[in-house]
Amino acid sequence: MDPILLQAFIPIAGLLAVGFAIYLARDVLSRDTGTKEMMEVSATINEGAVAFIKRQYTTIGLLAVAGSVVIFGVISLLETKSVADTSHVGVDIGIRTGGAFLIGAACSMACGIIGMLVSVKANVRVASAARRSLVEAVQVAMRGGAVSGFLVVALSLLGVWSIFAINGGLNGGDSTKDAPFLIVGYGFGASFVALFAQLGGGIYTKAADVGADLVGKVEAGIPEDDPRNAGVIADLVGDNVGDCAGRGADLFESTAAENIGAMILGVAVYGIALNAHWTHPEAWIFFPLVVRAFGLVSTIVAMFFIRGKETENPMNILNRGYWVTTILSAISLAFVTSQMMNTGSTTGDNGIATWVYFFGCGVVGLATSIAFVYITQYYTAGNFRPVREIAEASKTGPGTNIISGMAVGFETTFATALTIGAALLASNWLGSHSGLGAVGGIFGTAVATMGMLMTTAYVLAMDTFGPITDNAGGIAEFSRAEKGAREITDRLDAVGNTTKALTKGYAIASASLAAFLLFSAYINKVNLILGNQIKDGKQGVHLMTSVNLADVNVFVAALIAAMLVYFFSSLAIRAVGTTAQAIIVEVRRQFREIPGIMDYTGRPDYARVVDITTRAALKEMMLPGAVAVATPIIVGVLLGYQAVAGLLMVGTIAGVLLATVLNNGGGAWDNAKKYIESGHLLDEDGNVIGKKSLAHQAAVVGDTVGDPFKDTAGPSLHVLVKLLATITLVMAPLFIR
């Protein structure tokens, strides 16, 4: 098949996914909304979530506009012919980069807002469905989550393709070769918004959760999501603004930045193809977008396989759809690589066709995705050793619970590092034996990343499933729904905790592969600029073939990168603690001063807690965000482009491993608490140790410690790792002196 026809499939698949998301949204919104009490709770959650999103995204939007102006000014002044990577220089490249930044930021904001709006509409419908059927509740929650999943991936795909086309990417020749370098601002804009969205939403959701749990469950001894707790509505609002809006923006920037990085690496193969006179050499540049398009279509098909029995584990129902997505993605990958990677008479080692090696790279990416799904399940699901170990440690108090949870978190780095390392080594080996040499090895890692990202829409749907079911359980409890409905929402909530943890594992794996991909793209961009300087006769200029850690500038930059990861996490966690303290004081005050709360004759002032949380979250997100954006630029200006390479390498390694500790440790603490609440923990005589026991109180404390780990600092580190790469890609000319 002509690769040009496959290129035309990119916008078709994107629009098809948008249409399917609209179909799913209409289906969800047509469902029964439950009792009057359920609708009242849902309306209150919706009001709080919309109010926060308006204030947060107004702030982020203003920051993005200011950022685009700064980028325009800096690039226009400094990207002269001597440090240009394309034929565009001065004001021309400044407008293109600043404009792409603003469009990327706008699309990222749209993804966060859409994901949150659908979630707050789906939660009450899941609570209503739980009164009738577990399978129906699973389907409604998953379809609600899939609206966000499809829109995020489709908008990312359509956005990158559109900016690529606007910059002449479809014209052929030098225009196609230059276009990937002209759209890096799009990825930076997406990363910029994602960082602040994830920080603000994460601070909000976990501060509200910690405040509500410590006063309600530990001090007052009332159940989770009990209407007598003034912090409950803020907690339920937080599930939407943090887990839905924040994660939607996070994965949007992942897919956008990784597509752009893979296209930049495709330019190197384009040069080989052009010199070898292969047909359609431009196919290597837009290959990543075609792969993503087929991944979207595979996920659409998989959505029709989400069905099961009432007695079945809900996780099995979701896993069935995931496996269908993965298998169809592998088949699609084989088709796309065979049709687009035409190398004429050139073959890989042993006479095997080049496309077969790159298909193998894509399969490595898909296998890495599967591996992280099951690694995360092992460390965060209640039927495996780590969570049970933490639950057992809770018998002797909060101290041993926290020690055990920290040990589990640190342990998870072993499997993470080995899996990521194996994926990079395998994909690089396959690519380097494809007949394209070292360039093929680097491009092989890009293909592995694209293979992994084929399932993004489904994984994001599973992630949003978590906060939707969490909210549904809160609505059922708050509205005093019948016992059967609450039992179903409890089961779905436990599964939702696991799916949220799975997505964090997937996000950190994709961040790892993407960071290596974007690091390679940075080296390519720097060498393109240095190569142009060498052609122009500049003396003393050499291509960057390696990063010398023995160079003092590089070593200092690497040291700063490791520090940044920990300092940034400290600021994020401290922000949760500071905000939670204000909530705890307010909830305690209401219990003390509002008569009748405990016997339901008095109504807590939920709006005041929501307002306190909103104001504090918006204030506290500014400092860690500013530190993250400013550090790589300052290092690059003061220490140079080689030092920035060291910063990227070590920042990626430290960020990935610390995020793994925070994500999986926090998830294990959370599910250890759920394990006890479900009645699975027994004493020496076989008696159940359940809610309101000392072990349960210890588990609640452990869960409280883990909350800012897994839902604020950990997810924000995913964004930080990729933000470092997108900033340096855009600002590379500034670092070359």
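Residues numbered from 1 in each chain as written. Predicted model: local features only at pLDDT ≥ 70, side-chain atom pairs only at ≥ 80, totals over all residues. Heavy atoms only, no water.

A. Geometry of the overall build of the chain. Counting its regular elements, the chain contains 20 helices and 0 strands. Relative to its length of 737 residues, the chain is compact, with a C-alpha radius of gyration of 25 Å against a globular reference of 27 Å. The principal-axis extents of the C-alpha atoms in the chain amount to approximately 85 × 50 × 45 Å. In the chain, which comprises 737 residues, the proportion classed as buried is 64%. Counted over contacts in the chain with a minimum sequence separation of 6, partners at least 24 positions apart contribute 83%. Put simply, the chain shows about 24100 Å² of open surface, and 64% of that area lies on carbon and sulfur atoms. (Helix = DSSP H or I, 4+ residues; strand = E, 2+ residues; numbered from the N terminus. Rg over C-alpha atoms; globule rule 2.2 N^0.38 Å. Buried < 20%, exposed > 50% of the residue type's maximum accessible area, 1.4 Å probe, protein only. Contact = heavy atoms within 4.5 Å. Areas by Shrake-Rupley, 256 points an atom, 1.4 Å probe, with all protein chains shown as cover.)

B. Geometry of a nonpolar patch on the surface. Residues Tyr23, Val301, Phe304 and Phe305 make up a contiguous nonpolar surface patch of about 340 Å² in total accessible area. Along the polypeptide, Phe305 turns up in the loop between helix H8 (283–302) and helix H9 (314–340). Exposure remark for Phe305: the relative accessible area of 37% places this residue in the partly exposed category. (Patch = residues over 30% accessible without salt bridge, like charges linked within 9 Å, V, L, I, M, F, W, Y side chains within 5 Å. Salt bridge = Lys/Arg side-chain N within 4 Å of Asp/Glu carboxyl O.)

C. Inspection of the pattern of salt bridges at higher detail. All told, the structure shown has 30 salt bridges when counted by the stated rule. Here Arg132 ties to Asp32 by a salt bridge, and the two come within 3.5 Å at their closest N and O atoms. On the criterion of sequence distance, the pair formed by Arg132 in the loop between helix H3 (90–129) and helix H4 (134–166) and Asp32 in the loop between helix H1 (3–29) and helix H2 (36–78) is long-range, its members being 100 residues apart. According to the relative accessible area criterion, Arg132 is partly exposed, its value standing at 45%. The shortest N-O distance in the salt bridge between Glu586 and Arg589 comes to 2.7 Å. In this pair, Glu586 and Arg589 both sit in helix H16 (residues 552–593), 3 residues apart, roughly one turn of the helix. Taking the relative accessible area as the measure of exposure, Arg589 reaches 24% and is therefore partly exposed. Linked by salt bridges that have partners in common, Lys206, Asp209, Asp670, Lys673, Asp703, Asp707, Lys710 and Asp711 make up one network.

D. Focus on empty space enclosed by the protein. Across all of its chains, the model carries 6 cavities of 30 Å³ or more by this definition. Considered as a void within the structure, the largest cavity measures approximately 140 Å³ in volume. If you list the elements that add at least two residues to the lining of the largest cavity, you get helix H6 (184–219), helix H7 (232–276), helix H15 (483–535), helix H19 (641–677) and helix H20 (694–735). Among the elements that make up the lining of the largest cavity, the one with the highest residue count is H20 (4 residues). Quantified by volume, the second largest cavity comes out at close to 60 Å³. Looking at the lining of the second largest cavity, the elements with two or more residues in it are H15 and H19. Of the residues forming the lining of the second largest cavity, the biggest block, 4 residues, is contributed by H15. Taken together, the residues that form the lining of the second largest cavity break down as 1 nonpolar, 4 polar and 4 charged. (1 Å grid on protein atoms, 1.4 Å probe; cavity = no way out; pocket = protein on both sides within 12 Å on 5 of 7 lines; lining within 4 Å. Points joined across faces, edges and corners; volume = space filled by probe spheres on them. Nonpolar A, V, L, I, M, F, W, Y, C, P; charged D, E, K, R; others polar.)

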